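# Reading the structure
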Amino acid sequence: MTEVERFNDGTGAWEPIDYGSFNIEFGVSDILIAPQATVTAARTSPVSAGERIRVREDGVTTFEGRVQRTKPRTQGPMRIEAEHDAHALFDDTVTLNVSGTDEFVLNSALTQAGDGSWTLNYIGTATTLGDDYEVDGRTVKRVFRDMVDRTGRIWWVGVDHTITVAEYGAGGQLAAVDTATDDVVVDEYTPADLETVLNDVTVVGTGGESVTGSASEATSISDYGRQPERLNVSYIRTIGEANA
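Basis of the calculations
- Residues numbered from 1 in each chain as written.
- Predicted model: local features only at pLDDT ≥ 70, side-chain atom pairs only at ≥ 80, totals over all residues.
- Heavy atoms only, no water.
- pLDDT = per-residue confidence, 0-100.
- Contact = heavy atoms within 4.5 Å.
- Pairing = 2+ DSSP bridges.
- Helix = DSSP H or I, 4+ residues; strand = E, 2+ residues; numbered from the N terminus.
- Axes fitted to C-alpha atoms, helices over the stretch in contact; angles between N-to-C directions.
- Salt bridge = Lys/Arg side-chain N within 4 Å of Asp/Glu carboxyl O.
- Buried < 20%, exposed > 50% of the residue type's maximum accessible area, 1.4 Å probe, protein only.
- Polar contact = N/O pair within 3.5 Å; in protein donor to acceptor, adjacent residues only side chain to side chain.

## Considerations on the confidence of the model for the protein chain
- For the protein chain, per-residue confidence averages 85 on the pLDDT scale, and 82% of positions sit at 70 or higher.
- Segment residues 240-244 is flagged for pLDDT under 50; beyond a separation of four residues in sequence, or across chains, it makes zero contacts in the model.

## Considerations on the sheet that holds strand E2 (residues 13-16)
- Pairing is antiparallel in the open sheet, where seven strands are placed in the order E2-E1-E5-E6-E7-E4-E3. The open sheet has two edge strands, E2 and strand E3 (19-25), and neither has a second partner. Across the sheet, the axes of successive neighbouring strands diverge by a mean angle of 35°, strand direction being ignored.
- Direction of pairing for strand E4 (residues 36-41) relative to strand E7 (residues 78-84): antiparallel, over a ladder of six bridges. Each bridged residue has a counterpart across the sheet, and for Val39 the counterpart in E7 is Ile80.

## Focus: the pattern of salt bridges
- Scanning all chains against the criterion turns up twelve salt bridges.
- Between Arg6 and Glu51 there is a salt bridge, with its nearest N and O atoms 2.8 Å apart. With Arg6 in strand E1 (residues 2-8) and Glu51 in the loop between E4 and strand E5 (52-57), this residue pair connects regions lying 45 residues apart in the sequence. Both residues of the pair, Arg6 and Glu51, count as buried.
- Between Glu64 and Arg52 there is a salt bridge, with the nearest N and O atoms lying 3.3 Å from each other. Taken together, the residues Glu64 in strand E6 (residues 60-71) and Arg52 in strand E5 connect sequence positions twelve residues apart.
- Residue classification places Arg52 among the buried positions, given a relative accessible area of 15%.
- Several salt bridges converge on common partners, so that one network encompasses Arg69, Lys71, Arg79 and Glu81.

## What about the side chain of Arg52?
- A polar atom in the side chain of Arg52 sits 3.0 Å from the side chain of Asp85.
- Sequence-distant contacts of Arg52, that is, excluding residues within four places in its chain, are made with Glu5, Arg6, Phe7, Trp14, Glu64, Gly65, Arg66 and Asp85.

## So, the environment of Val67
- For Val67, the position within the fold is in strand E6.
- Accessibility expressed as a relative area gives 3% for Val67, which makes it buried.
- In the structure, Val67 is positioned 18 residues away from Ala49 in sequence and 4.9 Å away in space, judged by C-alpha atoms.
- Discounting residues that sit within four places of it in the chain, Val67 has contacts with Val47, Ser48, Ala49, Gly50, Glu51, Ile53, Ile80, Glu81 and Ala82.

Have a look at this one:
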């Protein structure tokens, strides 16, 4: 059973609301910094901006956050848009002057920001920074961006107040699929695509003295036929050793 509820500040309790549908979005930091949700509810629903809502499936919370805006209509359902608490956390600002690892920097940011309820789940071995990290009034989101960009990582936020940081591929990488044992269906596939094949390439330097270079791959030409491309560039620099 799925329920959408609002928190009633007056009674201090969660109350169900009539809804038509809901959509919850999760994602890694390159796509979505924290979860968000939209709900269509009855036009007369008492939900308003600033209130908290949650979605529960069979008694388990799958989303909880604060309503950012409601879009009532004269006819039809009302649209409710909500964001996970991490959105507000990432907008908070911190001042740091620390050294050590990227993990230490991230934990230092979380210690300053928010309400103390946030936990960093750092997967893997932390990277030692080559210099001190000193910022003044920088958003938590920017601090996280700085660290993951330096170390080739991503983050994502779950239902609770835990932020996971891991290497690329974690949390968003498909595992190996075995069609003999896994429940999968292949709707469409492309066994080969000649448009991706280039096996006879010529590069012409058109700036100043004309320079031409070419390369081909005989096996590919035999398998797919000649697939040529000619590139013109305005500048080519050749680096070599001068003879004494």
